[in-house]
Amino acid sequence: MNVVVDLYGQRRTDIFGQVYFEANNMDVTPWLKQLVGKHIQVKGTDANFSVWGEVKNGLVENILLDVNNSKLNWQKAKQDKYLNVESAQIQWWKSEGNWLLFGNEIQLVTDVNRPSPFNFTVKYGTEKSQLQANKFDLTAVTQLFTLFSATKQFSLLADSNVAGHVGELQMQWGEDLPLSGYLDVVDFDFVPKATAKEAYMGVQNLEFKAYWKDQDIWLDLNGKNGTLLTEDTFSDTITYQKLKLQTLLSWQSGSFVMEMPTVVFQNNEINLDMSLSYSELANSHLSLYAEVTGPTQGKIGKYLPRYLIGDETYDYLQKAIHTGRGELTRVLIDGKIDQVFNSELAISERGKFIVEAKLRDGQFEFDPDWPAIEKMNAKLTVTEDRMDIFAESGLFSSLVIDNNVLASIPLVGERKNVNLSLTPQQLQLSDFHLLVAETPLRDIIGDVFEFVLLDGAADADIKLVIPTDSSPLPNGDIPQVFASGTLDTHKSTLNLPKLYTEFEKIDSVITFANEKFSVEAKSADWHKLPVTFNVSGAQGEDGYHIKSDLVSTWSVDQLNNVFELPVFEHASGEFSSMLNVEVNIDDEAFQYVVDGKSDLTDVALNISGPLEKAAGKYASLDISVSGDQDDSSIVAEIENRLVFTAEIPEGSSRLERAHLAIGGGTGVLPESGFDISIDTPFIEFEPTLNFVLDIIHALPESDPSSIGVIDAPTAINGVISHFNILGQDWKNVSLNATNKATGWLFSIGAQQTLTDITVFNDINKDGILIDSQFLQIVTSGEPTAAQTKTSELISSGLVSPIGQTPNENIGLDKTVQPVEARVSNSITDSAELICSLPPIRFKCEVCSFNEKPLGKVQLTAKPVDNKLVIETFSFEYERTKLEATGSWLGNEAGGVTSLKGKLYSRYFGKWLQNWGLNSGIKESDATINLALRWDTAPHEFSYEKLNGKADFKLGEGSLSEISDQGARIFSLFSLDSLYRKLKFDFSDVFAKGLFIMTSKAISFYVMALH
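Rules and cut-offs
- Residues numbered from 1 in each chain as written.
- Predicted model: local features only at pLDDT ≥ 70, side-chain atom pairs only at ≥ 80, totals over all residues.
- Heavy atoms only, no water.
- Helix = DSSP H or I, 4+ residues; strand = E, 2+ residues; numbered from the N terminus.
- Buried < 20%, exposed > 50% of the residue type's maximum accessible area, 1.4 Å probe, protein only.
- Contact = heavy atoms within 4.5 Å.
- Pairing = 2+ DSSP bridges.
- Phe/Tyr/Trp six-rings, centres within 6.5 Å; stacked < 30°, edge-to-face > 60°.
- Lys NZ or Arg CZ within 6 Å of the ring centre and 35° of its normal.
- Core = buried A, V, L, I, M, F, W, Y, C linked by side-chain atoms within 4.5 Å.
- Arc of directions from axis to C-beta.
- Patch = residues over 30% accessible without salt bridge, like charges linked within 9 Å, V, L, I, M, F, W, Y side chains within 5 Å.
- Areas by Shrake-Rupley, 256 points an atom, 1.4 Å probe, with all protein chains shown as cover.
- Salt bridge = Lys/Arg side-chain N within 4 Å of Asp/Glu carboxyl O.
- pLDDT = per-residue confidence, 0-100.
- Disulfide = S-S within 2.5 Å.
- Polar contact = N/O pair within 3.5 Å; in protein donor to acceptor, adjacent residues only side chain to side chain.

## What to know about the overall build of the protein chain
Looking only at helices and strands, the protein chain features 17 helices and 53 strands. Counting the 1010 residues in the protein chain, one finds 45% classified as buried. Summarising the internal contacts of the protein chain: among those between residues at least 6 apart in sequence, 51% fall at separations of at least 24.

## Quick look at the pairing of strand β20 (residues 386–396)
Note: strand β19 (residues 373–382) against β20, eight bridges, orientation antiparallel. Its bridge partner lying in β20, T381 is registered against D388. Connecting β19 to the antiparallel partner β20 that follows it, the hairpin turn spans three residues. Taking the residues between adjacent antiparallel strands as the criterion, β20 and strand β21 (residues 399–410) are bridged by two residues, where S397 takes a positive phi near 55°.

## Re the packing of aromatic side chains
In the structure shown here, the tally under the stated rule is 26 aromatic pairs. Geometrically, the ring pair formed by F188 and F208 is stacked, given 4.5 Å between the ring centres and 25° between the ring planes. Pair noted here: F188 is in strand β10 (residues 180–192) and F208 is in strand β11 (residues 203–213), with a separation of 20 residues, a long-range link. The exposure classification of F188 matches that of F208, with both residues buried. Relative to W554, the ring of W526 lies with its centre 5.7 Å away and its plane at 10°, an arrangement referred to as stacked. Linking W526 in strand β27 (residues 516–526) with W554 in strand β29 (residues 543–555), this pair joins segments that are 28 residues apart in sequence. For W526, a relative accessible area of 25% corresponds to the partly exposed category. Residue W554 is classed as buried on the basis of its relative accessible area, which comes to 9%. Ring pairs connect the aromatic residues F849, F873, F875, F908, W911, W915, W934 and F941, which therefore count as one cluster. Residue placement shows R906 over the ring face of Y907; its charged tip is 4.6 Å from the ring centre.

## Thoughts on the nonpolar core
A general feature of soluble globular proteins is that nonpolar side chains tend to end up buried together. In terms of nonpolar packing, the biggest core is built from 226 residues, with F364, F396, L487, L494, F517, F533 and F644 touching the most fellow members. Once residues within four sequence positions are removed from consideration, F644 is found in contact with I634, V635, A636, L655, A658, H659, L660, F674 and I710.

## A word on the environment of T486
If you trace the backbone, T486 turns up in strand β25 (residues 482–496). What makes T486 partly exposed here is its relative accessible area of 29%. Remark: the alpha-carbon pair of T486 and A458, spanning 28 residues in sequence, is separated by 9.4 Å.

## Topic: helix α5 (residues 311–320)
All of the buried residues along α5 are T313, Y314, Y316, L317 and A320. Along the axis of α5, the buried positions cluster into a sector of 165°, meaning they face one direction only.

## Considerations on the side chain of S677
Tracing the backbone shows S677 in strand β37 (residues 673–684). By relative accessible area, S677 is classed as buried at 18%. Those residues within four positions of S677 in sequence are excluded, and the remaining contacts are H659, L660, A661, I662 and N717.

## Section: helix α7 (residues 429–438)
Looking at α7, one finds that the buried residues are L429, F432, H433, L435 and V436. Down the axis, α7 shows its buried residues gathered within 155° of arc, on one side only.

## Looking at a nonpolar patch on the surface
There is a patch of nonpolar side chains on the surface, built from M1, V3, V5 and L7 and spanning about 390 Å² of accessible area. Counting through the fold element by element, V5 comes out in strand β1 (residues 2–8).

## Some thoughts on the pattern of salt bridges
Applying the stated criterion across every chain, the model contains 23 salt bridges. The residue R11 makes a salt bridge to D14 at a minimum N-O spacing of 2.8 Å. When the shortest N-O distance is used, the salt bridge between E54 and K56 registers 3.7 Å. What makes E54 partly exposed here is its relative accessible area of 24%. Given the relative accessible area of 38%, K56 is considered partly exposed. Via salt bridges that share partners, E269, K299 and K302 belong to a single interconnected network.

## Details of the environment of L837
Within the secondary structure, L837 is located in the loop between α15 (830–836) and β43 (840–849). The spatial distance from the C-alpha of L837 to the C-alpha of P863 is 6.5 Å, given a sequence separation of 26 residues. L837 has contacts with P863 and L868, leaving out every residue within four places of it along the chain.

## Quick word on the confidence of the model for the protein chain
Model confidence for the protein chain is summarised by a mean pLDDT of 81, while 85% of its residues fall at 70 or above. Contacts from residues 704–708, a stretch scored under 50 in pLDDT, to residues over four places away or in other chains number six contacts. Below pLDDT 50 for its whole length, residues 961–979 participates in 31 contacts with residues either more than four positions away or in separate chains.

## Quick notes on unusual backbone geometry
P295 follows G294 through a cis peptide bond whose omega is 0°. With respect to the helices and strands, P295 occurs in the loop between β16 (285–293) and α4 (306–309). One non-glycine residue, Q426, adopts positive backbone phi at about 55°. Topologically, Q426 is positioned in the loop between β22 (417–422) and β23 (427–428).

## Things to note about the state of the cysteines
By the definition in use, this model includes zero disulfides. With no disulfide of its own, C844 has C847 as its nearest cysteine by sulfur position, at a separation of 3.9 Å.

## Describing the side chain of T755
Structurally, T755 is set in strand β41 (residues 753–760). A relative accessible area of 3% means that T755 is categorised as buried. A polar side-chain atom of T755 sits 2.4 Å from a polar atom in the side chain of T753. Only 2.6 Å separates the side chain of T755 from the side chain of S772, close enough to count as a polar contact. Look past the residues within four positions of T755 in its chain and what remains in contact with it is F746, S747, I748, I770, D771, S772 and F774.

Here it is in structure tokens:
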């Protein structure tokens, strides 16, 4: 260092001359360390300069500084920095109380660049001072910020790369003037230092204008066709066509305040308008509001700010949002900047952070295992603690979205779940089943909705909780999806295939929570019959347990209107029912129990004998079904008078073995098929046959592939003490019926008959065939043995009609026909009976009528309206034969029988004797033409009711011995004996005998005499 002083004068005010100072390789490090921060390591300084000064009147009035190759080296954050002044000439002089400072050809070199030389001018005055510089590079100047970054105000600038070309810099100040100025920069770069896992933003090539006054600075930055520097804050490079930022910076009471009223960002994908305010005075409070139009289709993920919404949320949205465009996004931030995004703080301490975005035409996949929401129009809302995506329209699997899907994701907590809410109105339940089948719901509630099949529409509220983290929980369990919901059905259909049951027009509430479900049906139709029911299922310790309860009130007419089966014609009235079903399903097996009861108190049963019941008498239908994976059994009974049992074997849905017991007992299941047994002290054939045939006709046709099908009966067996058939009382009856190819064959054995009755398949065409080996017809007017016996049984309390129990001290209801009448040998309402009869063919090898022989009998007849047309009727006994035709015309009573034919008897007198008529005729044949009628059924023939005409001719023979030389012959015409003659009783005429060779025809007109 060299110093030359050349001064003259005695007093200070007179001193004049020159001063020269030169320094070479001067180390100014100790002095510099006092000015920079402790975190700055000054590595070395090398100052080379010379200073020449002119002194006048004891004052320096002119100074010239010449700097050459001076260097400054330092290190910050382990990065070497330097600033070299290769050359600079700075001249200062004083003029009339003011001074001027000029800098010329200042050449700087930094570790970043080598800018062009620049000039500056400083004019200092007592009232106002000014600085002006043109066309210099900011880089060298801003490098000095790293030396002076100890204060918060300079730390951001010190840690950033600030560059640009200053076109003009103007500043002024004074004693009464605040500092003010103007700065115009082009190609302005602001590249802050990046910090791991923090939001980052830098800009380049902007036009930068700054205006400041005192403690306020107004910044105006504009850019065109540039690129934002974002590091990893965004997933892709973001360019712009327009960028505009207007900022007001203020220092108040030593604190920093920033206002940004205008932030505009535009490109062909997105438009941003934003304003914000930041204040250190309010503990670093940030207020921000922004509106974003866009991004365009498929660009949403590109503009998601990673560190503003958190890493997990950012990663989730990048994977979830496949396509889509933004229509309008609004962002609101209000709070302390170091707290708003601090996830460790409570929500109430973090201020407000709200993002609302309208997404259009998107594809959102909330979980890789679930189908994405396609064509989604949605509203996305992000707050401090959660993100909600409300889908306004789109497709989710098979569901059409109509403002009814909400996905909610918590942003706090160690484990985060996607909470998906589906609330479609009038959801098509077929689409719901597709949703279950096509999504992971099949593994969660698939079994539930295989058991419960739905069709129709429902208002739905479905909630899914889907873990985003599949790692084990602290207890070792793997997080599972939780599905719950409610389906409010309206006039829908519910099918329970495992219970072989379907309901229609259901108004119900169906709820489920994973494997647990319930169905509460306020109203429903089962085969068009009204019911209410509930079904529930849940996992139990020993398997999956299902329970169902059904309640109904029906009338017999309702059943008949629905099923249109003749079997319902045997009952009338209304009844209430309750059915309970329980099913347990484990891994490889299942068990179920069904219990049902119907209150038949208000039902009247009109069948026969003990199967009759009057309305008002208590009775119940009880049903019990139980089974497992191997087989099932069914028991249904009415007061143990009508009992149905069946079994369904493994692998079949058919009733392979079934038995119906009429009268009492449970019977024994057949080896296969379906049979019927009848065991009762008394019964009537016609109503019982109709009832059994109605049951047979009610059965569905055999089809092994159909569910719940039962074959037609293969056999019917019965043991009946007293069996009434068309007024005939047959005792100790054994009944056996088999199903042949052509129809049903009923074999009946009793004291009075041994008969086969064939009921052909087409009964209306082919009718029935009655084939008796022997038959005893009894029409005595006295009570029959059956009547007497059944009366005794009821009186003793050994048997009782339905609705009464044995020894019950109440009589039969007046509406119940007495047993004597039901077993009576008198037919009533014959017109109705005839209308119900099929065509009849009857033959009997040995037949008798009231213990009088008919021999071999044959009959063919068919009904025409209320008339039974007797096409042929014949009997043949020994050498007596009748061939006739006729009819039975029905009415409200027994009807009217007409018969016309020819009777031939070789031994007429003997045949009459067999019929209890003593005619006195011996060894004579007879030919008789008959035209007869009687007021009752054909088989209720009696002399008292007989009317008509008989023309007969007697052959050779003899009469009983006579002694009045033939005078007694005239007694044939005696009115006193007419009644006997009508009975072919001629004993008074031929008391003594009369031999006859022949006799011409004699006509008798027969009238009923009582």
